[in-house]
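Spelled out, the chains give:
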Amino acid sequence: MVRWHGLDEVPADWGRSVVTIGVFDGVHRGHQRIVGAAAELARRRGLRSVAITFDPHPDEVVRPGTHPPLLSSTRRRAELLEELGTDVVILLPFTLELSRMGPDEFVQSVLVDRLHAAHVIVGEDFRFGHKARGDVALLRELGDKYDFTAEGMPLVADGETISSTLIRRQLAAGDVAGAAKALGRPHRVEGVVVRGHQRGRALGFPTANLETMTHMAIPADGVYAGFLICDSERYPNFRWPAAISIGTNPTFEGAGERTVEAYALDRDDLDLYGEHMAVDFTARIRDTLKFESVEALVEEMHRDVARARELTA
């Protein structure tokens, strides 16, 4: 698979291609339908397929301070697009200059001059150009002008409309099962394992405390079942069933900092500090609670672990 960072990496001899464009945050089932259609059309026509996505999120550039919680890291987004059969993923830096391009200029400079688009597939609500003046109807008109065809597809799966906004709401409510259904896989949070208060180790449940990536969509406070994932030199392609806690540890004095901690079930021999890890959320077990004693907390943690074991079996 090929990844290009910006249009300058497009080869000078690049031929015609089928292109799809979008933020594709989460690469949910609606996105999958569009990207898959582009890849399939490219195969049928003997062309290469290109998926264009953006970083940072356009909202942060157009309206600073409004960056939405992200459903996937940039690297994960590219991996997911590639898994759908895309030949090339272009990570296009979203800048003020890009945001100020008119629709015609955007189409000519990105789709025509660089990628020689033969066909473009986007979501039916796709907007482009300065102040989002371009829509699918205008894209079709510009296609007639520049010799490519264009279509807008609804973001649906099994008859249901899917949106990144909907998934963010589900995660904010702790509905990780609903989010997984819309995504087509468990929601993933990434980060680096850092040293915390080490309370879990003292209680018999050593946890990996994740310093999460900026703007990641974190599910609501609570205890969840899921998987702790690592692919490093020390732990290549490891995936452990886990009990995951999100919250401020209210049972302890001085609590207040929100953390994401994952306990790899029945493992107390892992040295994960400094590792880049991922946590996949499969089911919600309970709300975050404040217990009257540490002993009561430990009893509940044993029940959480048993439940997580059942849910990840």
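Here the structure is a predicted model, which means the values were calculated and not measured. (Residues numbered from 1 in each chain as written. Predicted model: local features only at pLDDT ≥ 70, side-chain atom pairs only at ≥ 80, totals over all residues. Heavy atoms only, no water.)

1. Some details on the pairing of strand E13 (residues 259-264)
And then number 1: The element E13 is extensively covered by neighbouring structure, given that six of its six residues are classed as buried.
And then number 2: The alternating pattern of E13 places Thr259, Glu261 and Tyr263 on one face and Val260, Ala262 and Ala264 on the opposite face, and all of these are buried.
And then number 3: Two elements, strand E10 (residues 208-212) and E13, share three bridges in a ladder whose sense is antiparallel. Each bridged residue has a counterpart across the sheet, and for alanine 208 the counterpart in E13 is alanine 262.
And then number 4: Of the pairings in the sheet, the one linking strand E12 (residues 238-247) to E13 comprises six bridges and is antiparallel in character. Residue pairing for E13: glycine 247 is matched across the bridge by threonine 259. (Buried < 20%, exposed > 50% of the residue type's maximum accessible area, 1.4 Å probe, protein only. Helix = DSSP H or I, 4+ residues; strand = E, 2+ residues; numbered from the N terminus. Pairing = 2+ DSSP bridges.)

2. Thoughts on the pattern of salt bridges
A pair can form between side chains of opposite charge whenever their charged atoms are brought close.
And then number 1: The final tally for this structure, using the stated rule, is 23 salt bridges.
And then number 2: Put simply, arginine 127 and aspartate 135 hold a salt bridge, and the shortest N to O gap is 3.9 Å.
And then number 3: Residue arginine 127 is classed as partly exposed on the basis of its relative accessible area of 46%.
And then number 4: With a shortest N-O distance of 2.8 Å, arginine 188 and aspartate 280 are connected by a salt bridge. Separated by 92 residues along the polypeptide, arginine 188 in strand E9 (residues 187-194) and aspartate 280 in strand E14 (residues 276-286) bring together distant segments of the chain.
And then number 5: Take aspartate 280: its relative accessible area is 6%, and that puts it in the buried class.
And then number 6: Through salt bridges with shared partners, one network takes in Arg286, Glu300, Arg303 and Asp304. (Salt bridge = Lys/Arg side-chain N within 4 Å of Asp/Glu carboxyl O.)

3. A closer look at the sheet that holds strand E6 (residues 149-153)
And then number 1: Pairing is parallel across the open sheet formed by six strands, whose spatial order is E1-E4-E3-E2-E5-E6. The open sheet has two free edges, formed respectively by strand E1 (2-5) and E6, since each of these has just one partner strand. Geometrically, the sheet is characterised by an average inter-axis angle of 20° between neighbouring strands, direction not taken into account.
And then number 2: Summarising the sheet, strand E5 (residues 117-123) and E6 pair through five bridges and their orientation is parallel. Counted as the bridge partner of valine 120 is alanine 150 from E6.
And then number 3: Against the sheet, helix H1 (residues 29-45) contacts strand E2 (17-21), strand E3 (48-55), E5 and E6, and its axis sits at roughly 160° relative to E5.
And then number 4: Helix H6 (residues 136-146) rests against E5 and E6 of the sheet, and its axis sits at about 165° to E6. (Axes fitted to C-alpha atoms, helices over the stretch in contact; angles between N-to-C directions. Contact = heavy atoms within 4.5 Å.)

4. With respect to unusual backbone geometry
Glycine aside, negative phi is the norm for most residues, and most peptide bonds take the trans geometry.
And then number 1: In this structure, the amide linkage connecting aspartate 55 to the following residue, proline 56, adopts the cis form with an omega of 0°.
And then number 2: Structurally, the position occupied by proline 56 is in the loop between E3 and helix H2 (58-62).
And then number 3: Phi at aspartate 266 is positive, roughly 65°, even though this residue is not glycine.
And then number 4: As for its placement among the helices and strands, aspartate 266 is situated in the loop between E13 and E14.

5. Digging into the domain arrangement of the protein chain
And then number 1: Assigned domains within the protein chain: domain 1 (2-161) and domain 2 (187-311).
And then number 2: Between the C-alpha centres of domain 1 and domain 2 there is a distance of 36 Å.
And then number 3: Across the boundary between the two partners, domain 1 contributes nine residues, which contact eight residues of domain 2.
And then number 4: If you sort the residues of domain 1 by the area they bury against domain 2, Leu70, Ser73 and Arg76 come out on top, with a joint share of 49%.
And then number 5: Between the two partners, domain 1 and domain 2, sit one salt bridge. (Domains from an automatic or database assignment. Buried area = accessible area lost by both parts, 1.4 Å probe.)

6. Points about the packing of helix H5 (residues 103-112) against H6
And then number 1: Interaxial distance between H5 and H6 falls to 11 Å at its minimum, and their mutual angle equals 55°. Classified by the interaxial angle, the pair formed by H5 and H6 is oblique. Handedness of the crossing formed by H5 with H6: right-handed. Seen from H5, the contacting residues are Pro103, Asp104, Val107, Gln108, Leu111 and Val112; seen from H6, they are Leu138, Leu139, Leu142, Lys145 and Tyr146.
And then number 2: Residue composition of the contact of H5 with H6, grouped by class: eight nonpolar, one polar and two charged. (Parallel < 35°, antiparallel > 145°, perpendicular 65-115°, else oblique. Left-handed = near helix turned anticlockwise from the far one by under 90°. Nonpolar A, V, L, I, M, F, W, Y, C, P; charged D, E, K, R; others polar.)

7. Some thoughts on the sheet that holds E12
And then number 1: With respect to topology, six strands assemble into a closed barrel ordered E9-E10-E13-E12-E11-E14, the strand pairing being antiparallel. Adjacent strand axes in the sheet meet at a mean angle of 45° when their direction is disregarded.
And then number 2: Pairing of E9 with E10, which is carried by four bridges, proceeds in the antiparallel orientation. Residue valine 192 lies in a different strand from E10, and its bridge partner there is glutamate 211.
And then number 3: Against the sheet, helix H10 (residues 294-312) makes contact with strand E11 (222-230), E12, E13 and E14, and its axis sits at roughly 100° relative to E14, the strand it touches most.

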